[in-house]
Amino acid sequence: MVQQQPLLEGRNVTKYFGGLAAVHHVDFAVYPGEIVGLVGPNGSGKTTLFNCLSRILPINEGEIYFKGKNITHAKPYQVAHMGLARTFQVIRVYRKMTVLQNMLISRQWRGEGILKMLRPSSKATHERARQLLDFLLLGHLMHEPAGHLSGGQRRLLEIGMALMPDPDIILLDEATSGINPTLIETIKDRIRQLNRQEGKTFLLIEHNIDFISDLCSRVYVLDFGEKLAEGTPEEIKNNPAVIEAYFGAE
Amino acid sequence: MRTRRLETIFSSRNTFIGWIILLILLALYPQVTELSGIRLLQLTQIFIFITLASNWNLIGGMTGYVDFGHAVFFGVGAFVMGILVTQVQNYIVFAPGLSFWQALPIAGLAAMLFALLIGLPTLRLKGPYFSIAMLGTFVAMREIVRVLKDFTGGGRGLDLPPVLNRERDYYFMLVWMGLVLIAIWWIHRSEFGQSLMAIREDEVGAEMRGINTTKHKIIAFMLAAFSTGIIGGFWAFQNTYIDPDVVFIEQRTVEMVMASMLGGLGTVWGPPLGALILYVLQDVVWSRVPEGHLVVLGVLLIIIVLFVPEGILGTFKNPSSTSLGRLLRGYREEQPRPETVATE
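The rules behind each value
- Residues numbered from 1 in each chain as written.
- Chains lettered and ligands numbered in written order.
- Predicted model: local features only at pLDDT ≥ 70, side-chain atom pairs only at ≥ 80, totals over all residues.
- Helix = DSSP H or I, 4+ residues; strand = E, 2+ residues; numbered from the N terminus.
- Rg over C-alpha atoms; globule rule 2.2 N^0.38 Å.
- Buried ≥ 20, exposed ≤ 12 C-beta atoms within 10 Å, placed from the backbone.
- Contact = placed C-beta atoms within 7 Å.
- Pairing = 2+ DSSP bridges.
- Axes fitted to C-alpha atoms, helices over the stretch in contact; angles between N-to-C directions.
- pLDDT = per-residue confidence, 0-100.

Topic: the overall build of chain A
Looking only at helices and strands, chain A has 10 helices and 10 strands in total. Taking 250 residues into account, the globule formula puts the C-alpha radius of gyration at 18 Å, and chain A, at 18 Å, falls close to it. Considering only C-alpha atoms, chain A reaches an extent of 60 × 40 × 40 Å along its principal axes. Looking at the 250 residues of chain A, the share that counts as buried comes to 44%. A separation threshold of at least 6 residues defines the contact pool for chain A, and within that pool the share at least 24 residues apart is 67%.

Examining the pairing of strand E10 (residues 226-231) of chain A
All names here are of chain A. Taken together, the 5 bridges between strand E9 (residues 218-223) and E10 define a ladder with antiparallel strand orientation. By the bridge assignment for E10, Tyr-220 is matched with Glu-230. A loop of 2 residues connects E9 with E10, the two strands running antiparallel in sequence, and Phe-224 in this loop sits at a positive phi of about 50°.

With respect to the sheet that holds strand E3 (residues 35-39) of chain A
Residue and element names in this part refer to chain A. The 6 strands are arranged E6-E7-E8-E3-E9-E10 in an open sheet whose pairing can be described as mixed. This sheet does not close on itself; its edge strands, each paired only once, are strand E6 (84-86) and E10. Across the sheet, the mean angle separating the axes of adjacent strands is 20° when strand polarity is ignored. The pairing of E3 with strand E8 (residues 201-205) spans 4 bridges and is classified as parallel. Looking across to E8, one finds that Ile-35 is bridged to Phe-202. Running at roughly 150° to strand E7 (residues 169-173), helix H1 (residues 46-53) makes contact with E3, E6, E7, E8 and E9 of the sheet.

Quick word on the environment of Pro-162 of chain B
Take Pro-162 of chain B: it is sitting in the loop between strand E1 (158-159) and helix H9 (166-189). Placed 77 residues apart in sequence, Pro-162 of chain B and Asn-239 of chain B show a C-alpha to C-alpha distance of 8.4 Å.

Observations regarding the confidence of the model for chain B
Residues and elements named next belong to chain B. Per-residue confidence for chain B averages 86 on the pLDDT scale, and 87% of its residues sit at or above 70. Ignoring residues within four places in sequence, the model shows residues 332-344, a span with pLDDT below 50, making 16 contacts including any to other chains. If you check the scores for this complex, the pTM reads 0.88 and the ipTM reads 0.89.

Here is the structure:
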C-alpha cells in the first residue's frame, strides 16, 4: 500500500485543564477515505481531543495538521473553511430555527465580503439542503423548528449540517448516543454510503462497539488522556490492555 | 387556526408591504392635514423611538448580545454633531462650523468607529458580562464627556443653532426610519442575518460551521451604532441643546430594550410595533401619573418577561412558548408537548 499523506494528523497533542492532562502526548493520523474510530472509557479524553482538532480548544503542546497544513493556531471557522466538519456530543442545532434554516446556515462559508453575505441563500444551497434532508429522512420536517425534533432526528440534522459544506473529513462525536436501533442502522448506512460513494473520511467517537466494528478500518483507544492502543477493530477487541481499561483487571 | 391566520398576516412579506403603505401614508399625512407643530414633534419622536428600537434589535435581538449601553452611540452622535456645528471654528482657523447635513454623516461614522473600538474587546464577552461591560462604557463615556470641557462644554453642555423646522425634522426621521426598517428586513432574510441568529442560538456551533462570528458581530454592532449615532446627531440639532445628563440617560437604552422585548426580540417588525405601543403607553401614563410613570414601566417590563418573553410577534409565531400564546390558542396542558410530536 502506497503511504499517503494523512488528511488529519496530530503529533504529540497535549491538553491540560489546570494540572490534569486531559489529552497527553497523543499521536494519530487519519488518511483520506478512511473511517477511523476513537474509543475509550468515559473521561478518557476523546471529546477533548475532538475539541482540540476542531480548534475549539487550544492545545498546550504538539501540532495538528490538516491536508498537510499546520492548523495548530487556526480558528474553528478557518478549519471549517478548509473542509473539516464535526458534530457534538451534546447536540448543537439552532433550536428556534427551522430544519431547513439550520441546513442553509451551515452551507459552505469561505469568508465572503459583507455584500455577498447580504444576499439570501442561493437556489443551489436550497437544493443541496433539500437533497441532504431527503437523504437523511428529514425532508418532511424541513419547515419544523429544530427544537421540535426528537433526539434522534436532531442527531441526523446535525450530521446533515456537517455535510452541508461538502467537507473532506467529518468528526462524529457519539452519533448513536440515545438513538433507537432502527435509526442507528440508518446512520450507519448513510455513513457507509458517503464513504464509499463520495469518498468522505470519518473520525468517529463511539461507545457502540458493534457500530465501530461494522464501519471502521482502524481504531484508536484512549485511556486517561493517553493513547492505549491502535489497530483493527478485531485487534482492539482482543487487546488485553483495552479489556482491562474497560472492564478492570481480573 | 386563529393563530395560524395571525401568523400569515404577520408574515415578513405582508408586513413589509404593510409598512411601505404606512410609510407612504405618513409621508402624505402632513400635506393633506393641518398638523400642529407639537403633533409633528410627537410623530418625529415616535419615528426616533422605532428606529432606535430597531437598531438595538440588530445586536440585542438578532445577535443575542444584550447591550445595556447602546445609548452611548446616541451620545457620541449627539456630541460629535454638537462639536462639529459649534466648536470646530474655535480650533481650526478659517473653518466655519459645519452645517447639519455635513455633520450628520460624520456623527454616524464616529459612532460606528467607536463601536469598532469598543466592540473588539467587549464582543468577546458573553451574556451578562457583555451587558455590564457596555453599561460601564456608557457611564464612563458620560463622565469623559463631562471632563472634556473644552470640546463638549462639560456639565454646561453645548448650545446648537436654534433652527426650528418641524416639518423638515418629520420628513428626515420618516425617511431614516424607512431606510432602517428596509435594511433590517433585508438583513433578516439574508445569509448575514441568518448567521447572526445562528450566533444568538449557539456561537460555538456557528463558529464550527464556518461562520466568522467575530466579524459578523462587529459588523452588526457597527451598523446598529451608525444608525443610532445618526439619530443622536439629529436629536442634538433638533433639541438645540445638549449636555451629558440629557444625552447619556440610561432610560434611553431601557426603552430600546423594552420596545424590542414587547414587540418580539430578533423579529423585524416586533421592535417597531413594541416601540409604537410603548410610546403611546408612556404618553398616557405620563399624562396621568407623571411622578410614577417609571414604576408603571417597570411593572410592564416584569409582565412582558413573565408572560410574553418572546414578545407580541414571537407569541404569534410560536404560541406554545408563552402563557399568553397558549391562552390565545386554547392550548391545553394535556396536549402532547411539541418535542414528542415528531417520531423517529
